[in-house]
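Structural overview for review
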Amino acid sequence: MKRKKPLKRTPLKRGVPKKGTLSRAKKDCWDAFSLLTKLERSPDGEWNKCYTCDKDIKIGTSDDQGGHLFPKRAYPVHYFHENGVRPQCYRCNINMEGNRNVFIKRMIEEIGQEAYDEMYVHRHDKVKITKKEYEEMTRQYKDRIRQIIER
Ligand SMILES: [Zn+2]
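Heads up: these notes are all about the structure in this document. (Residues numbered from 1 in each chain as written. Predicted model: local features only at pLDDT ≥ 70, side-chain atom pairs only at ≥ 80, totals over all residues.)

Points about unusual backbone geometry
The following threshold applies: Secondary structure follows DSSP: runs of H or I at least 4 residues long count as helices, runs of E at least 2 residues long count as strands, and numbering of each begins at the N terminus.
For D54, which is not glycine, the phi dihedral falls at a positive 70 degrees. Tracing the backbone shows D54 in the loop between β1 (47-49) and β2 (56-58). Even without glycine at this site, N99 takes up a positive phi of about 45 degrees. Tracing the chain through its elements places N99 in the loop between α2 (90-95) and α3 (100-111).

Shown next as structure tokens:
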């Protein structure tokens with residue numbers, strides 16, 4: 001099928017929770033945390049490699065994702081864990097649902113079996129983060145992002 005017009009892109013703003021709500025505070029926190037995760041691993045602040053397939057990914061594009069080691073909905077305790085998130089391409093994160101076997105294998109190589117086991121054992125732990133706490137976390141992540149950018 002031939003298309004005369006290019007496909008319309010979904011505006012990024014859609015689905016953003018209202019300002020001042022807990023879900024918005026969480027989303028802002030995630031945006032900062034996932035960007036920090038990517039910048040920390042990028043040699044030039046622009047490009048990364050997918051943690052699970054080594055594909056080159058450009059930060060800020062739709063191929064640039066923050067993938068969770070433990071699926072975030074099932075294991076919210078690791079949502080904002082420093083070793084719970086790594087840069088992933090769209091294919092690994094979405095189509096391959098995290099490419100989990102490789103993700104786990106590489107994470108064990110990176111942090112060691114003991115640290116991984118510790119996360120695994122605690123994966124069902126309950127966590128409750130307040131709006132204030134999210135806002136404070138966001139401030140700290142943004143400070144760290146600023147330090148990387150100014151380096
Ligand atoms: Zn990948």
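Details of the packing of helix α1 (residues 22-41) against helix α5 (residues 131-150)
We apply this condition: Each axis is a line fitted through C-alpha atoms, and for a helix only the stretch in contact is used; angles between axes span 0 to 180 degrees, taken between their N-to-C directions. Roughly parallel means an angle under 35 degrees; roughly antiparallel, over 145; roughly perpendicular, 65 to 115; everything else is oblique. Each crossing gets its hand from how the near helix is turned against the far one by less than a right angle, where anticlockwise is left-handed and clockwise is right-handed. Contacts are defined on C-beta atoms placed from the backbone: any two residues whose C-beta positions lie within 7 Å are in contact. Side-chain classes follow a simple rule in which Ala, Val, Leu, Ile, Met, Phe, Trp, Tyr, Cys and Pro form the nonpolar group, Asp, Glu, Lys and Arg form the charged group, and the remainder, Gly included, forms the polar group.
Interhelical geometry of α1 versus α5 gives an angle of 25 degrees and a closest axis separation of 9 Å. Looking at the two axes, α1 sits roughly parallel to α5. In this structure, α1 meets α5 at a crossing whose hand is left-handed. Counted together, L22, A25, K26, D28, C29, A32, F33, L35, L36, L39 and E40 of α1 and K131, Y134, E135, M137, T138, Y141, K142, R144, I145 and I148 of α5 form the full contact between these two elements. Its residues assigned to classes, the contact of α1 with α5 shows 13 nonpolar, 1 polar and 7 charged.

Concerning the environment of I57
Mapped onto the fold, I57 is located in strand β2. Counting along the chain gives 15 residues from I57 to S42, while the straight-line C-alpha distance between them is 9.9 Å. Aside from chain neighbours lying at most four places away, what touches I57 is W47, N48, C50, D63, D64, P87 and C89.

Digging into the packing of α3 against helix α4 (residues 113-121)
Across the interface, α3 lies against α4 with an axial gap of 6 Å and an inter-helix angle of 125 degrees. Relative to α4, α3 is oriented oblique. Residues M107, I108 and I111 of α3 form the contact with α4, whose own contacting residues are Q113, A115 and Y116. The residue makeup of the contact of α3 with α4, split by class, is 5 nonpolar, 1 polar and no charged.

Spatial relationships are all this shows, so hold off on functional conclusions.
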